[in-house]
Amino acid sequence: MTQHQDQQTGAAGDESSPLRRAISGRLLYLFILGDVLGAGIYALVGEIAGEAGGAIWVPMLLALLLALLTAASYAELVTKYPRAGGSAVFAERAFGRPLVSFLVGYCMLAAGVTSAAGLSLAFAGDYLGVFLDVPAVPAAVVFLLLVALLNARGIQESVRANVVMTVVEVSGLLLIVVIGAIVLGRGDGDPGRVVQFPEGVSAGSSPSAAALLAYYSFVGFEVSANVAEEVQDVRRVYPRALFGALLTAGAVYVLVGLAASLVLPADELSGSTGPLLAVVQASGVAVPDQLFSVIALVAVANGALLTMIMASRMVFGLAEQRLLPATLGRVLPGRRTPWVAIVVTTAVAMGLTLVGDLGELANIVVLLLLLVFLSTNVAVLVLRRDRVAAEHFTAPVVLPVLAIASCLLLLSQQEAATWVRAGLLLLVGVLLYLPARAPWWGGRPARSGEPTRAA
């Protein structure tokens, strides 16, 4: 695409997209906040306590700062090139290599769909078991089917459902903060624990080791780049929504970390698979256990919905770039949602639920997303020479440079076995890419007249 075309099609209010612009600035803020405040925080507090002791808030704050660095690159590129496809589009423009663009998109897809499969199994596990005794895998498949139906119904309906679920998620976390305040106010708990690090571990090394776990709590903001074509006045509202959501999430995480340490010592937090529920139980505040199970189910469902929205829009964007078959770019005539992409990504997620234990894949998900972030942060520097007429957010050059350094730092903490597994996944991506470039898969989905193709 030429620079002149960018200036025309990149303008806010572009009507050439087959996707409906139905997301307002407030909905986008809640979309991002809901994806960041996912199910992870309900389990990760204990893991972080095992690394950082009672000073849970320190790696949380460090992870927020690292996430904001990469978010600045997304804010610049999304407002400069507001198209579906996100990081893969940025890589194609910056590096001019379809293979690189595909691998970036593939990393997002592999991480996203795997996360959705894991969330569906989490939904169908112990949390659902409090209310229903059903087999995990069939329940996970039914759950993914319901998510797909909501996704296909429309982006506006999906985002509005996200609003409700985000309110529930945030309410649960704020409940923990209030419980911490009640315990502190009546003279119970131990405020000194919030600055205690594990014995034999320095104050410098402990937060950095826990930062990788905490960073996972902030992953999700990048998903918003894939709905850029569906945001109203994207150039004006996107940076505000992105930074506002991250800062809100960071404040909530820091307060939750402080409250958890006030109520329980680090060893008890790290020894629990439901650390926040353990905080509620130890506080003596009258909150039914079932209430937190419901909140956790809502948090997991919200994370799965937003992840599958991202995955389907990523497939749609890759199809438009001719990196996947053109058929995957078809949309429903009335709803204008990418129905083929939704069907395919949901089928893959359902297949992954049959794998069973996805615990070993969690570190691979983080590694793949860090590779995506590294690509995006490099791309924002490369694309500084590409001028567009429309005004857009511009990050100070030091921010993407620091973001690159932060990604390299976090990648250096990954184990060799994780690198090997991720390398095998990338090799599979290359093998998928080769037939996609064959002549019989050529052709681009039309930007207009789509109803006849989708019929």
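Residues numbered from 1 in each chain as written. Predicted model: local features only at pLDDT ≥ 70, side-chain atom pairs only at ≥ 80, totals over all residues. Heavy atoms only, no water.

### Some thoughts on the overall build of the protein chain
Cut-off, in case you're wondering: Helix and strand assignments follow DSSP, with helices taken as H or I runs no shorter than four residues and strands as E runs no shorter than two, numbered in order from the N terminus. Only protein chains enter the accessibility calculation, which uses a 1.4 Å probe. A residue is then buried if its area is under 20% of the maximum for its type, exposed if over 50%, and partly exposed in between. Working rule for contacts: check all heavy atoms of both residues, and any pair within 4.5 Å makes them a contact. To be clear on the numbers: accessible area is Shrake-Rupley with a 1.4 Å probe, and residue cover counts the displayed protein chains and nothing else.
On a plain count of helices and strands, the protein chain comes out with 18 helices and zero strands. Burial status across the protein chain gives 54% buried among its 455 residues. Within the protein chain, counting contacts between residues at least 6 apart in sequence, those at least 24 apart form 85% of the total. Only carbon and sulfur atoms are counted for the fraction: they give 65% of the accessible area of the protein chain, which is about 17800 Å².

### Observations regarding the pattern of salt bridges
Counted only if it meets this: Here, a salt bridge means any side-chain nitrogen of Lys or Arg that lies within 4 Å of a carboxyl oxygen of Asp or Glu.
Under the counting rule described, the total for this entry stands at two salt bridges. Across the pair Glu76 and Arg384 runs a salt bridge whose closest N-O atoms are separated by 2.8 Å. You can see Glu76 sitting in helix 4 (residues 57–80) and its partner Arg384 sitting in the loop between helix 15 (362–382) and helix 16 (398–411), a full 308 residues away along the chain. Accessibility expressed as a relative area gives 1% for Glu76, which makes it buried. A salt bridge links Arg186 to Asp188, with the shortest nitrogen-to-oxygen separation between them at 2.7 Å. Taking the relative accessible area as the measure of exposure, Asp188 reaches 37% and is therefore partly exposed.

### Thoughts on the packing of aromatic side chains
Formally: For this analysis, a ring pair means two rings from Phe, Tyr or Trp (six-membered ring only for Trp) whose centres lie within 6.5 Å, classed as stacked if their planes differ by under 30 degrees, edge-to-face if by over 60, and tilted for the remaining angles.
Scanning the entire structure with this criterion turns up nine aromatic pairs. With 4.3 Å between their ring centres and 15° between their planes, Phe123 and Phe143 make a pair best called stacked. One end of the pair, Phe123, is in helix 6 (residues 98–129); the other, Phe143, is in helix 7 (residues 136–153), and 20 residues separate them in sequence. Here Phe123 matches Phe143 in class, with each residue buried. Linked through ring pairs, Tyr74, Phe90, Tyr215, Phe221 and Phe373 together constitute an aromatic cluster.

### What to know about helix 14 (residues 339–353)
Just so we agree on the cut-off: Any helix carries an expected span of 1.5 Å times its number of residues minus one.
Over its 15 residues, helix 14 extends 21 Å from the first C-alpha to the last, a length consistent with the 21 Å expected when each residue adds 1.5 Å. All of the buried residues in helix 14 are Val340, Ala341, Ile342, Thr345, Thr346, Ala349 and Thr353.

### Topic: the packing of helix 4 against helix 16
As a reminder, the rule being used: The angle between two axes is taken between their N-to-C directions and runs from 0 to 180 degrees, where each axis is a line fitted to C-alpha atoms and a helix contributes only its stretch in contact. Working definition: roughly parallel below 35 degrees, roughly antiparallel above 145 degrees, roughly perpendicular at 65 to 115 degrees, and oblique for all remaining angles. Crossing handedness is defined as follows: a turn of the near helix away from the far one that is anticlockwise and smaller than a right angle gives a left-handed crossing, while the clockwise case is right-handed. The classification used treats Ala, Val, Leu, Ile, Met, Phe, Trp, Tyr, Cys and Pro as nonpolar, Asp, Glu, Lys and Arg as charged, and all other residues, Gly among them, as polar.
For the pair helix 4 and helix 16, the least separation of the axes is 8 Å and the interaxial angle reads 130°. By the angle class used here, helix 4 and helix 16 are oblique. Every pair of crossing elements has a handedness; the one defined by helix 4 and helix 16 is left-handed. Note on element contacts: helix 16 touches helix 4 through Leu399, Pro400, Leu402, Ala403, Ser406, Cys407 and Leu410, opposite Leu66, Leu69, Thr70, Ala72 and Ser73. Partitioning the contact of helix 4 with helix 16 into residue classes produces nine nonpolar, three polar and no charged.

### Section: the confidence of the model for the protein chain
So the rule is basically this: Every residue is assigned a pLDDT by the predictor, reflecting its confidence on a scale from 0 to 100.
Mean pLDDT over the protein chain stands at 79; residues scoring 70 or higher make up 82%. The lowest-confidence element of the protein chain is helix 18 (residues 450–454), averaging 35 in pLDDT; the highest-confidence one is helix 16, averaging 92. Across residues 1–15 the pLDDT falls below 50, and counting only partners more than four positions away or on other chains, this stretch makes 24 contacts in the model. Segment residues 442–455: pLDDT under 50, and 30 contacts once partners within four positions in sequence are set aside and those in other chains are kept.

### Things to note about the environment of Pro138
Position of Pro138 relative to the elements: it lies in helix 7. A relative accessible area of 46% means that Pro138 is categorised as partly exposed. In the structure, Pro138 is positioned 215 residues away from Thr353 in sequence and 9.1 Å away in space, judged by C-alpha atoms.

### Let's talk about a nonpolar patch on the surface
Rules: Without a salt bridge and with relative accessible area above 30%, a residue can belong to a patch; like charges are then joined within 9 Å and nonpolar side chains (Val, Leu, Ile, Met, Phe, Trp, Tyr) within 5 Å.
On the surface, Val130, Phe131, Leu132, Val134 and Val294 cluster together into a nonpolar patch covering about 400 Å² of accessible area. You can see Phe131 is positioned in the loop between helix 6 and helix 7. Accessibility expressed as a relative area gives 40% for Phe131, which makes it partly exposed.

### With respect to helix 7
Along its 18 residues, helix 7 runs 26 Å from first to last C-alpha, staying within 8% of the 26 Å computed at 1.5 Å per residue. Every buried residue of helix 7 is accounted for by Ala139, Ala140, Phe143, Leu144, Val147, Ala148, Asn151 and Ala152.

### Describing the nonpolar core
Which entries qualify depends on this criterion: Definition used in this section: a nonpolar core is a set of buried Ala, Val, Leu, Ile, Met, Phe, Trp, Tyr and Cys residues joined via side-chain atoms within 4.5 Å.
Counting residues in hydrophobic clusters, the biggest one holds 141 residues, and the most contacted among them are Ile32, Tyr74, Tyr215, Phe221, Leu242, Leu246 and Phe373. With 18 residues, the single largest contributor to this core is helix 13 (residues 289–320). Sequence-distant contacts of Leu246, defined by excluding residues within four places in its chain, comprise Val36, Leu64, Ala67, Leu68, Ala71, Phe218 and Phe221.

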